[in-house]
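Topology and contacts: notes
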Amino acid sequence: MAHDMTEAEWRAFVSEGTRTAKLAVTRRDGSPHVVPVWIVLDGDDVAFTTAADTIKGKAIRRDGRVSICVDDDRPPYAFVRIDGTARWNEDAAERLRLATAIGGRYMGPQRAEEFGRRNAVPGELLVRVTPERVVARSGVTD
């Protein structure tokens, strides 16, 4: 039977394997924009990097409201939707630390440093989203 995940369950779900998150932001004209992003949980926050001059980078700096969805597309299906306000910083050391963690998650530990350096360059933003509302369901078709 479908059930709501506990905080511990949804945090484990979001962190499992290489599930790609989908980030939703609002364009300047009010239209939606959804893109995949690589994420890690860091404390209470969902963290990712993005170039400051991308649609998502510009949207986050203009209006920090975002929604993130991570799902399992295999039966019995599950998803976690996280709504929150994104904040960003350009601290080089922190950006490198988290870009390396993200690279390690998605590309493996042998390539973590390579992807960390690649995604921690000037012009990249470290984005943190503190969850304000979480909807997390597992066993959707049970």
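Preceding this paragraph is the structure being described.
Here is a short report on the structure shown in this document. Keep in mind it's a predicted model, so treat the numbers as computed, not measured. (Residues numbered from 1 in each chain as written. Predicted model: local features only at pLDDT ≥ 70, side-chain atom pairs only at ≥ 80, totals over all residues. Heavy atoms only, no water.)

Digging into the overall build of the protein chain
Helix and strand counts for the protein chain stand at four helices and eight strands. When its helices and strands are written in sequence order, the protein chain yields β-α-β-β-β-β-α-β-β-α-α-β. When the backbone C-alpha atoms are referred to their principal axes, the protein chain occupies close to 50 × 40 × 25 Å. Counting only residues that meet the buried cut, the protein chain has 43% of its 142 residues in that class. The contacts of the protein chain with a sequence gap of at least 6 include a subset with a gap of at least 24, amounting to 71%. For the protein chain, the separation between the mean place of its 22 positive charges and that of its 22 negative charges on side chains is 5 Å. (Helix = DSSP H or I, 4+ residues; strand = E, 2+ residues; numbered from the N terminus. Buried < 20%, exposed > 50% of the residue type's maximum accessible area, 1.4 Å probe, protein only. Contact = heavy atoms within 4.5 Å. Lys, Arg positive; Asp, Glu negative; His and termini not counted. Charge placed at Lys NZ, Arg CZ, Asp CG, Glu CD.)

Remarks on the side chain of His33
Here His33 lies in strand β3 (residues 32-37). Looking at His33, its side chain comes within polar contact range of the side chain of Arg27, at 3.1 Å. If we skip the residues at most four places from it in the chain, His33 touches Leu23, Ala24, Val25, Arg27, Ile55 and Lys56. (Polar contact = N/O pair within 3.5 Å; in protein donor to acceptor, adjacent residues only side chain to side chain.)

Let's talk about the nonpolar core
Generally speaking, soluble globular proteins have nonpolar side chains that are buried together. Membership of the largest hydrophobic core comes to 32 residues, with the highest contact counts inside it found for Leu23, Ile39, Phe48, Ile60, Ile68, Val80 and Val129. Among the elements that take part in this core, strand β8 (residues 124-138) stands out by supplying five residues, more than any other. Sequence-distant contacts of Val129, defined by excluding residues within four places in its chain, comprise Asp44, Asp45, Val46, Phe48, Val66, Ile68, Gly84, Thr85 and Ala86. (Core = buried A, V, L, I, M, F, W, Y, C linked by side-chain atoms within 4.5 Å.)

Quick word on unusual backbone geometry
Along the chain, Pro75 connects to Pro76 via a cis peptide bond; the corresponding omega equals 10 degrees. Although it is not a glycine, Tyr77 sits at a positive phi angle of roughly 70 degrees. As for its placement among the helices and strands, Tyr77 is situated in the loop between β6 (65-72) and β7 (78-89).

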